[in-house]
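One letter stands for each residue in the lines below.
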Amino acid sequence: MELTLIFIISLVAVAFAGFLLTNVLKRDTGTDAMRAISDAIKEGAEAFIRRQNLTILMLAASLAVLIFVVYGFVRSRNVADPVETAVELAMWTTLSFALGAFSSAISGYIGMWTAIRTNIRTAAAATKSLNGALQTALRGGAVTGLIVVALSLLGVAVLFYIVQQFSTVAGAVGVTGNAIPSEARIPILIAGYGFGASFVALFAQLGGGIYTKAADVGADLVGKVEAGIPEDDPRNPAVIADLVGDNVGDCAGRGADLFESIAAENIGAMILAAALYSSNTTAFTESQLLGVLLFPLIVGALCLLGSIVGVMVVRTKETGDPMQALNIGFYVTSVLAVVSFFFATRWILYTDAAPNAYLYFFGCAIIGIITSILFVFITQYYTEYKYRPVKSIAEASETGPATNIISGIAVGMECVAYPVLVIGAAIIASYYLGARSGLNNAGLFGTAVATMGMLGTAGYILAMDNFGPITDNAGGIVEMSQQPDEVRVITDRLDAVGNTTKALTKGYAVGSAALAAFLLFSAYLDEIKNYGLNLGFAAGGSEGVGATSEVFVINLAKPEVFVGGLLGAMLVFLFSALAIKAVGRAAQYVIQDVREQFRNDPGILAGTSKPDYRRTVDIVTRAALRQMVLPGVLAVGMPIAVGLVFKYLFYAQIDANDKTQAIASLVGNPRYAHLATGAEVVAGMLMIGTIVGILMALFLNNAGGAWDNAKKYIELGAHGGKGSEAHKAAVVGDTVGDPFKDTAGPSLHVLIKLLSTVTLVLAPLFI
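Residues numbered from 1 in each chain as written. Predicted model: local features only at pLDDT ≥ 70, side-chain atom pairs only at ≥ 80, totals over all residues. Heavy atoms only, no water.

Even after reading the chapter, I still don't get the overall build of the protein, so can you show me in this structure?
Along its length, the protein carries 23 helices and four strands. Here the protein has a C-alpha radius of gyration of 26 Å; the compact-globule value for 767 residues is 27 Å, and the two agree. For the protein, the C-alpha atoms occupy an extent of roughly 80 × 50 × 45 Å along the three principal directions. Here the protein holds 767 residues, and the buried ones make up 65% of them. A separation threshold of at least 6 residues defines the contact pool for the protein, and within that pool the share at least 24 residues apart is 83%. When the accessible area of the protein is evaluated, it comes to approximately 25,200 Å², of which 64% is carbon and sulfur surface. (Helix = DSSP H or I, 4+ residues; strand = E, 2+ residues; numbered from the N terminus. Rg over C-alpha atoms; globule rule 2.2 N^0.38 Å. Buried < 20%, exposed > 50% of the residue type's maximum accessible area, 1.4 Å probe, protein only. Contact = heavy atoms within 4.5 Å. Areas by Shrake-Rupley, 256 points an atom, 1.4 Å probe, with all protein chains shown as cover.)

Below you can see the structure in the form of structure tokens.
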């Protein structure tokens, strides 16, 4: 019944997305001039995605072959493996990886495909009304949001069903003596799905982010600063490339990003759900096993219905505030998510042995939902021009670019405080609520439920995220087709709101990544425990159900683990540097091309001849795809290298006559207590890398968003308006912030989860 419910609701969401798409595609496409610009954007975006996906396909195929060979023929079978042979384990791991990679790529493509067809219709709607343009953009974004969430649920559910029906997975006895049913071992077997999704999302976000910001930086520096022409001016050869970048970076990249967030979180939560059931076999009946395992998918499906309602209630008056209308839709979605979680926890997690346990888990879900709302408010405060931080950057612009940049960096550093307090409170509160539920080892599952709560509004959040690039494109189309000023006023209002929604969703993505990384980290520790490396101890409790709760310990006093933590922190900084540098290098090609076109054809700036948009698009495409490979390979390869190197260092220090003993005997031997296995070092790397990655992502996202909206605030007339010295300084600050907020920052969301998924899949290799 549980699987059937997931399939039905997910398919309903897909069908409703089809209805929204049909509704959007029926709308007016404006004038011939508007369609010509839209067609150029469409052509450039589709060309880039084809070439990017081909590059990612080759990288993913190479990694899939490597996974199969290592699991099937290099690594010996372990008695803790969930299936009977090494080749079968290799087959299921590789298949899961391939399906996750394919689904992530499809999610990104759907986001781009929909956006490049919605932008022209939003522009045309803006010629008639603000409400029409608002609803067109949001419904176009909702197509992506609903399909991405539904596809992630369907992918995991279908893979679970296939493994359940056709694999040799069997039950086992855990290292603590608890029985592990066969279905409870399936989530580990399909963890490769999250790894594949993260792998593709990383390259999609990197490639799209490098493309969009290289084009944006090139267009701004040569067009606005050097030539003194407006943004989205048709005389600028990089304008079409910039508008293409909004789709391939913010739509395709973010679609893949949130897809892998949901997929990885669901699998991690299913692993912890399996541990919860196995620790409470006397509390849950055998008939409850499937429901407990699939609980993350069930609540995800129910919350999808809330996102549908939230999208449909959004509307505004012509004099109204579009941001307020979008917030109302978000609040409606959040309230319906609360209702969904209450129903699901009561239905799935009720047990006579602990009759109030479901209420504790419902409380964990409420914590997650409140966390998502707080992240939206905090990000809005630091990135919207109505509030102090952005106004302070705009004010600092009056004394030049240097003070603008100093102020922006300060805002970015300041903005990490509140989110960290919120994340810390959410993790601690949800852990202790779960631990006090009356069930054994339920604390970590409580944090998993909180993460589900935060992702419960993902369908609507992704709709808001895609709203941003769609309205940005619509404004560009209106500007380049020379529509009346009153139309541009509408698209400017929507574009400003879109900048805020893009910043909000990035903050939301960081928060969900933090919670998801914690539960994936916990799932990793649970997995290596099942392979004999138990890094935990049982904390005592009251008698009866819930008497013990296992606490995992990573000993940073061990030199190797401490070094692993340093390597994790270093990876975040090095990865960010490579991503930002990639934008700078690619932007140089754009700047040279635009300058060359202006120099060789003076008629471009005079308005008597047209620039070669296609040439610039092709230059940016080739540069972005070249630059994305190194940081992507570093992110995937480093945790694998660390795990394997320290594994062999561990065994190199073990006496020859002890090397054949099980890992549990080795780590329990006092002679080797000071040594750390590869799996422990990777755990240290994950722990510190995740913490530093969260802080860095918050800094980059919010500093970039604040710089962007400080420029928008000045363009609305503050501090001298467009063309003033303050505006020129703000343009420089915005240019610095572009690779922060749209390349390095969003890519770190994926890096945080990729570190967890790659180690979760390859954990047996590090022991």
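Where do I start with the packing of aromatic side chains in this structure?
Evaluated as defined, the whole model comprises 24 aromatic pairs. With a centroid separation of 6.3 Å and 65° between ring planes, the pair formed by Phe-342 and Tyr-358 is classed as edge-to-face. Taken as a pair, Phe-342 in helix α10 (residues 322-348) and Tyr-358 in helix α11 (residues 357-383) lie far apart in primary sequence, 16 residues in all. Residue class for Tyr-358 comes out buried when judged on its relative accessible area of 12%. An aromatic cluster is present here, built from Phe-97, Phe-195, Phe-199 and Phe-203 joined pairwise through their rings. Directly above the aromatic system of Tyr-350 lies the positively charged group of Arg-346, at a separation of 4.2 Å from the ring centroid. The aromatic ring of Tyr-589 is capped on one face by Arg-626, whose charged end is 5.5 Å from the ring centroid. (Phe/Tyr/Trp six-rings, centres within 6.5 Å; stacked < 30°, edge-to-face > 60°. Lys NZ or Arg CZ within 6 Å of the ring centre and 35° of its normal.)

Honestly, the environment of Lys-42 in this entry has me stumped. Any pointers?
Along the polypeptide, Lys-42 turns up in helix α2 (residues 32-74). For Lys-42, a relative accessible area of 23% gives the class partly exposed. Placed 693 residues apart in sequence, Lys-42 and Thr-735 show a C-alpha to C-alpha distance of 25 Å. The residues contacting Lys-42, other than those within four sequence positions of it, are Ile-116 and Arg-117.

Hey, could you run me through the packing of helix α14 (residues 417-435) against helix α17 (residues 485-530) in this one?
Each pair of packed helices can be summarised by the angle the axes make with each other and by the distance between the axes. Here α14 crosses α17 at 35°, and the two axes come no closer than 11 Å. Note on packing geometry: the crossing formed by α14 with α17 is right-handed. Across from Ile-423, Ala-426 and Ile-427 in α14, the residues of α17 making contact are Gly-511, Ala-514, Leu-515 and Phe-518. Looking at side-chain class alone, the contact of α14 with α17 contains six nonpolar, one polar and no charged residues. (Axes fitted to C-alpha atoms, helices over the stretch in contact; angles between N-to-C directions. Left-handed = near helix turned anticlockwise from the far one by under 90°. Nonpolar A, V, L, I, M, F, W, Y, C, P; charged D, E, K, R; others polar.)

Even after reading the chapter, I still don't get the side chain of Asn-466, so can you show me in this structure?
Locating Asn-466 in the fold gives a position in helix α16 (residues 458-480). Not counting chain neighbours up to four residues away, the residues in contact with Asn-466 comprise Gly-111, Gly-141, Thr-144, Asp-250 and Cys-251.

Would you take a moment to explain the pattern of salt bridges for this structure?
Pairing of side chains with opposite charge becomes possible as their charged atoms draw close. All chains considered together, the criterion is met by 29 salt bridges. Among the salt bridges present, the one from Lys-42 reaches Asp-39, with a minimum N-O distance of 3.8 Å. You can see Lys-42 and its partner Asp-39 sitting in helix α2, three residues apart, about one turn around the helix. Lys-558 is the partner of Glu-680 in a salt bridge, and the nearest nitrogen-oxygen pair spans 3.1 Å. Here Glu-680 is found in helix α22 (residues 678-715), whereas its partner Lys-558 is found in the loop between β4 (548-552) and α18 (559-600), with 122 residues between them in sequence. Of the residues examined, Glu-680 reaches a relative accessible area of 5% and is grouped as buried. Lys-558 gets classed as buried once you look at its relative accessible area, which sits at 12%. Connected through shared salt-bridge partners, Lys-213, Asp-216, Asp-708, Lys-711, Lys-712, Asp-734, Asp-738, Lys-741 and Asp-742 make up one network. (Salt bridge = Lys/Arg side-chain N within 4 Å of Asp/Glu carboxyl O.)

What exactly am I supposed to notice about the nonpolar core here?
In summary, soluble globular proteins display a tendency toward joint burial of nonpolar side chains. One finds Leu-326, Phe-445 and Tyr-524 to be the most contacted residues of the largest nonpolar core, which totals 266 residues. In terms of residue count, helix α7 (residues 239-279) provides more of this core than any other element does, 23 residues in total. For Tyr-524, the contacting residues outside a window of four places in its chain are Ala-679, Val-682, Ala-683, Leu-686, Thr-759, Leu-760, Ala-763 and Phe-766. (Core = buried A, V, L, I, M, F, W, Y, C linked by side-chain atoms within 4.5 Å.)

I would appreciate a short explanation of unusual backbone geometry in the present structure.
Keep in mind that most residues, glycine aside, have a negative phi and that most peptide bonds are trans. Even without being glycine, Gln-482 reaches a positive phi, approximately 60°. Backbone geometry at His-719 places phi at a positive 55°, although glycine is not the residue there. With respect to the helices and strands, the residue His-719 is situated in the loop between α22 and α23 (725-762). A relative accessible area of 27% means that His-719 is categorised as partly exposed.

How do you make sense of the packing of α18 against α22 when you look at a structure like this?
Between α18 and α22, whose axes approach to 7 Å, the crossing angle comes to 35°. Judged by the sense of rotation from one axis to the other, the crossing of α18 with α22 is right-handed. Across from Glu-560, Val-561, Gly-564, Gly-565, Gly-568, Ala-569, Leu-571, Val-572, Phe-573 and Ser-576 in α18, the residues of α22 making contact are Glu-680, Val-681, Gly-684, Met-685, Ile-688, Gly-689, Val-692, Gly-693, Met-696 and Leu-700. In terms of residue class, the contact of α18 with α22 is built from 11 nonpolar, seven polar and two charged.

Sorry, what's going on with the side chain of Thr-93 here?
Note on placement: Thr-93 falls in helix α3 (residues 86-126). The class for Thr-93 is buried, based on a relative accessible area of 7%. Setting aside anything within four residues of it in sequence, one finds Thr-93 in contact with Ile-67, Tyr-71, Leu-189, Gly-192 and Val-761.

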